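The primary structure of each chain is shown beneath.
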Amino acid sequence: QVQLVESGGGLVQAGGSLRLSCAGSGRTFSSYAMGWFRQAPGKEREFVAAIRSNTLHADSMKGRFTISRDNAKNTVYLQMNSLKPEDTAVYYCAASLELTTNRGRYDYWGQGTQVTVSS
């Protein structure tokens, strides 16, 4: 079992940056693909990025958001630059046995961290 805890969310002005972190428990953390998803009010949870040895990024965020991981620290990061008000959402990290954009394939989820981008 993997437990995930996100941090780093907050309030930022449009054009600003934030780095989200997701700390995972367990000695098998490095064997999992890790993903970031986000959910805005009234919308479905959507894929943002994922990483194992390779990375996947949602087309709409490619070039602004970058996922990375440090297996020695059991941590995955999401660097978010040039933030827009439409990036406002709760951001979740999740763990899967496969590198995928499909949220249904992720077995473990964190509690989420709120990101609010003001105009």
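Refer to the preceding data block for the structure.
With that out of the way, let us pick up the state of the cysteines. Tallied over the full model, the rule gives one disulfide. Shown here is the disulfide that connects cysteine 22 with cysteine 93, its sulfur atoms set 1.9 Å apart. One disulfide, between cysteine 22 and cysteine 93, carries an S-S torsion of 50° and so falls in the right-handed class. Taken together, the positions of cysteine 22 in strand E3 (residues 18–24) and cysteine 93 in strand E9 (residues 89–96) put the pair 71 residues apart, joining distant regions of the chain. Note on accessibility: cysteine 22 and cysteine 93 belong to one class, buried.

What follows is about the pattern of salt bridges. Summed over the entire model, instances satisfying the criterion amount to six salt bridges. In this structure, glutamate 44 engages arginine 103 in a salt bridge whose closest nitrogen and oxygen atoms are separated by 3.8 Å. With glutamate 44 in the loop between strand E4 (33–39) and strand E5 (46–51) and arginine 103 in the loop between E9 and strand E10 (108–109), the pair connects residues that are 59 residues apart, well separated along the chain. Of the residues examined, arginine 103 reaches a relative accessible area of 37% and is grouped as partly exposed. Aspartate 87 is the partner of arginine 64 in a salt bridge, and the nearest nitrogen-oxygen pair spans 2.8 Å. With arginine 64 in the loop between strand E6 (55–57) and strand E7 (65–70) and aspartate 87 in the loop between strand E8 (75–80) and E9, the pair connects residues that are 23 residues apart, well separated along the chain. Residue arginine 64 is classed as buried on the basis of its relative accessible area, which comes to 12%. Judged by relative accessible area, aspartate 87 falls into the buried class, the value being 0%.

Cut-offs and rules
- Residues numbered from 1 in each chain as written.
- Predicted model: local features only at pLDDT ≥ 70, side-chain atom pairs only at ≥ 80, totals over all residues.
- Heavy atoms only, no water.
- Disulfide = S-S within 2.5 Å.
- Helix = DSSP H or I, 4+ residues; strand = E, 2+ residues; numbered from the N terminus.
- Buried < 20%, exposed > 50% of the residue type's maximum accessible area, 1.4 Å probe, protein only.
- Salt bridge = Lys/Arg side-chain N within 4 Å of Asp/Glu carboxyl O.

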